[in-house]
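As a plain string of letters, each chain reads:
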Amino acid sequence: MENITELINHALYILILVFSVGMIAGKIAGKLNLPDVALFLLFGIVLGPILHLLSESSRSFTNQFILVLGATLILFDGGRNIRLSTLREVWPTITLLSVPGVLISAAVVGYAAHFFLGLPLVYAFLLAAIIASTDPATLIPVFKQVRINAKLRETVESESAFNDATGSILTFSILAIAMGTADVSVGGSVVDFLKVSLGGILIGIIVGYVTTYVVAHAALGFLRDYTTIAMIVSALLSYLIGDQLHVSGFMATFVAGLMWGNSSSFGLHMTDKHEEMFHFSENITTIMRMLIFILLGSQVNFSSVMQYAGGGVIVVFVLMFIARPLTVFFCALPDRKSRWTWKEMLFMCWVRETGVIPAALSGMVVGMGVPHADVIASVTFLTILITILLQASTTAYVAKKLGVEEKIAGEHLQ
C-alpha cells in the first residue's frame with residue numbers, strides 16, 4: 001500500500017511541476033514569438049540535468065504512457081485539421097515522402113553514422129531508421145503558431161503522420177537483423193509495410209466513422225452532448241485496436257482524426273460543435289506538449305551525449321542539410337500536379353523536426369540492451385535537441401523569408 005501511495009505522490013509531483021513550469025515556458029514562448037515546444041524542451045533540461053528536480057526514466061511506465069497518450073492525441077488533432085480536398089491534390093508527394101523518402105534519409109544517414117561514429121553498418125542503419133521520420137507531435141503544434149499556406153502545411157503534417165509507419169517498420173526490420181532473429185527480406189518488408197500501414201488506415205476509417213456517426217448523425221447521433229469525450233475515445237480506441245492487431249496505431253488515430261475533421265463530406269455535420277471542439281483540443285494538446293517535451297528535456301544524459309557529440313553533430317547535420325534536401329527534391333519534383341515552387345520545397349527541407357516517435361524507439365532499443373544502444377540513444381537525443389531548437393524556433397522566420405505564409409485571414413476551426 002505504501003508503494004502505491006509513493007507512486008501516486010510521484011505522479012502528482014510530476015504533473016504539478018510540469019504544468020507549473022509549462023505555463024511559464026508557454027508565456028515566455030509567446031512573448032518571444034517562439035514555438036512553445038522549444039521552450040518546453042529547454043525548461044526540461046533545466047529541471048532535469050541542471051537542477052535535478054525532475055528525474056523520470058525514459059523506460060518507466062509513466063514516461064512511456066505519456067509518450068503514447070500524447071502522440072496519439074496530437075496526431076488525432078492533426079488529422080482533424082487536414083482537409084481531404086488538399087490530400088487529394090498532393091497525395092503523390094505525401095506518398096513519396098512517406099515511403100521512399102524515409103528510405104533515402106535512412107540510407108544517407110546510415111553511411112554517415114558508419115563513417116563518423118565508427119558504428120558497424122547494421123547498427124548505423126538502425127540509428128538512421130530511428131531518426132529518419134519527421135515528428136507530428138512537434139510539427140503540428142508549430143504550424144498552429146506559424147501561419148503557412150494550407151497546401152504546404154497539410155502536406156508536411158500528413159507526411160509526418162504517415163512516415164512514422166515507415167520509420168517504425170524499418171527500425172523493427174533492421175533490429176531483427178541486428179539481433180539475429182531475421183534475415184534480410186525485401187519482399188517480407190514490403191508485405192509488413194502494407195499490412196501495418198493499410199491496416200492502420202482501415203481501422204482509422206472504421207473507428208472514425210462509427211464514432212462520428214453516433215455523435216453527428218441527424219437522427220441517431222445520441223452522443224452529441226458528449227462530442228469532446230467521444231473525440232478522445234475515437235483517438236485512443238483507434239490506436240488501441242491498431243496496436244492490438246499489430247498494425248500502425250499512430251496511423252489509425254491520424255486517419256480517425258481525418259474522419260472527424262471531414263465529417264461533413266459524409267453527410268455528418270457538427271457545425272454547432274466547432275468552437276467547443278476547437279477549445280477542447282487546443283487545451284488537451286497543449287497539456288500533452290508540456291508533458292512530452294519537458295520530460296524529454298529532463299532525460300538528456302549530457303555525459304553520454306558529449307561523449308559522442310563530435311560525430312553525432314555531424315550526423316545530425318548530414319540528416320538536416322544533405323539527406324532531407326535529397327528526400328524533398330526527389331519526392332516533390334516528380335509531382336507535376338502539385339506544382340511545387342522552389343521556395344515551397346526549400347521550406348519543406350527546413351521542417352523535419354525529430355521528436356516523440358524516435359525517442360520512443362530509442363528508449364525501446366536501450367531497454368532491449370542492443371549493442372551500441374548508448375551511441376544510438378545519444379545521437380537520437382542530439383537530433384531531437386538540434387532539430388527542435390534550431391528548426392522549430394526559426395520556422396516562422398524561414399516561412400517569412402521564403403514567402404510561404406498563409407495569405408488568407410483566419411483558419412478552419414475544424
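Details of the structure are given in the entry above.
Residues numbered from 1 in each chain as written. Predicted model: local features only at pLDDT ≥ 70, side-chain atom pairs only at ≥ 80, totals over all residues. Heavy atoms only, no water.

Once that is clear, we can look at the nonpolar core. F293, F347 and M348 are the most contacted members of the largest nonpolar core, which totals 121 residues. For this core, the leading source of residues is helix α17 (residues 373–402), giving 14 residues. Discounting chain neighbours no more than four positions away, the residues touching M348 are L97, L152, V156, R324, V328, A332 and W340. (Core = buried A, V, L, I, M, F, W, Y, C linked by side-chain atoms within 4.5 Å. Buried < 20%, exposed > 50% of the residue type's maximum accessible area, 1.4 Å probe, protein only. Helix = DSSP H or I, 4+ residues; strand = E, 2+ residues; numbered from the N terminus. Contact = heavy atoms within 4.5 Å.)

By the secondary structure assignment, Q299 is in the loop between α12 (274–298) and α13 (302–307). Setting aside its immediate chain neighbours within four residues, Q299 contacts E56, S57, S58, N63 and F381.

Moving on: the pattern of salt bridges. Summed over all chains, the structure comprises six salt bridges. Linking R289 and D36 is a salt bridge whose minimum nitrogen-to-oxygen distance equals 2.6 Å. With R289 in helix α12 and D36 in helix α2 (residues 36–50), this pair connects stretches of sequence that are 253 residues apart. When sorted by exposure, R289 lands in the same class as D36, which is buried. Note that E154 and R153 form a salt bridge whose closest N and O atoms lie 3.2 Å from each other. Just as E154 is buried, R153 falls in that class too. Via salt bridges that share partners, R153, E154 and E157 belong to a single interconnected network. (Salt bridge = Lys/Arg side-chain N within 4 Å of Asp/Glu carboxyl O.)

Another point: the packing of helix α10 (residues 227–244) against helix α11 (residues 249–261). With their axes 7 Å apart at the nearest point, α10 and α11 run at an angle of 150 degrees to one another. For the pair α10 and α11, the crossing hand works out as right-handed. Here T227, A230, M231, S234, A235, S238, Y239, G242 and D243 of α10 come into contact with α11, specifically with G249, F250, A252, T253, A256 and W260. The class makeup of the residues in the contact of α10 with α11 is eight nonpolar, six polar and one charged. (Axes fitted to C-alpha atoms, helices over the stretch in contact; angles between N-to-C directions. Left-handed = near helix turned anticlockwise from the far one by under 90°. Nonpolar A, V, L, I, M, F, W, Y, C, P; charged D, E, K, R; others polar.)

What follows concerns the packing of helix α3 (residues 61–80) against α10. In the contact formed by α3 and α10, the axes pass within 10 Å of each other and the chain directions differ by 115 degrees. By the angle class used here, α3 and α10 are roughly perpendicular. The crossing of α3 and α10 is right-handed. The segment α3 lies against α10, with V68, L69, T72, L73, F76 and R80 engaging M231, I232, S234, A235, L236 and Y239. Along the lines of polarity and charge, the residues of the contact of α3 with α10 split into nine nonpolar, two polar and one charged. (Parallel < 35°, antiparallel > 145°, perpendicular 65-115°, else oblique.)

This paragraph deals with the packing of aromatic side chains. Enumeration according to the criterion identifies 12 aromatic pairs in this entry. Measuring from ring centre to ring centre gives 5.7 Å for F317 and F321, while their planes differ by 70 degrees; the resulting arrangement is edge-to-face. With F317 and F321 both in helix α14 (residues 309–332), this residue pair falls four residues apart, about one helical turn. By relative accessible area, F317 is classed as partly exposed at 36%. Take F321: its relative accessible area is 44%, and that puts it in the partly exposed class. Put simply, the rings of Y209, Y213 and F266 touch in pairs and so form one group of aromatic residues. Over the aromatic face of W340 sits the side chain of K151, whose NZ or CZ is 4.4 Å from the ring centroid. (Phe/Tyr/Trp six-rings, centres within 6.5 Å; stacked < 30°, edge-to-face > 60°. Lys NZ or Arg CZ within 6 Å of the ring centre and 35° of its normal.)

With that out of the way, let us pick up empty space enclosed by the protein. What the rule picks out here adds up to three cavities of 30 Å³ or more. Considering only enclosed or pocket space, the largest cavity measures out at about 60 Å³ in volume. Lining the largest cavity, in full, are L73, F76, D77, M231, I232, A235, F280, S281 and I284. Among the elements of the structure, α3, α10 and α12 are those that each provide at least two residues to the lining of the largest cavity. Class assignment of the residues belonging to the lining of the largest cavity gives a composition of seven nonpolar, one polar and one charged. When its volume is computed, the second largest cavity comes out at roughly 50 Å³. Lining of the second largest cavity is provided by L97, G101, V102, S105, A132, S133, T134, E159, N163, R324, T327 and R352. (1 Å grid on protein atoms, 1.4 Å probe; cavity = no way out; pocket = protein on both sides within 12 Å on 5 of 7 lines; lining within 4 Å. Points joined across faces, edges and corners; volume = space filled by probe spheres on them.)

Our focus in this paragraph is helix α4 (residues 84–98). For α4, spanning 15 residues, the distance from its first C-alpha to its last is only 17 Å, which falls clearly below the expected 21 Å at 1.5 Å a residue. Of the positions making up α4, those classed as buried are T86, L87, V90, P92, T93, I94, L97 and S98. (Expected span 1.5 Å × (residues − 1).)

Moving on: the environment of R83. Residue placement: R83 occurs in the loop between α3 and α4. For R83, a relative accessible area of 13% puts it in the buried group. Separated by 178 residues in sequence, R83 and G261 place their C-alpha atoms 7.2 Å apart. There is a polar contact of 3.5 Å between the side chain of R83 and the backbone oxygen of R80. (Polar contact = N/O pair within 3.5 Å; in protein donor to acceptor, adjacent residues only side chain to side chain.)

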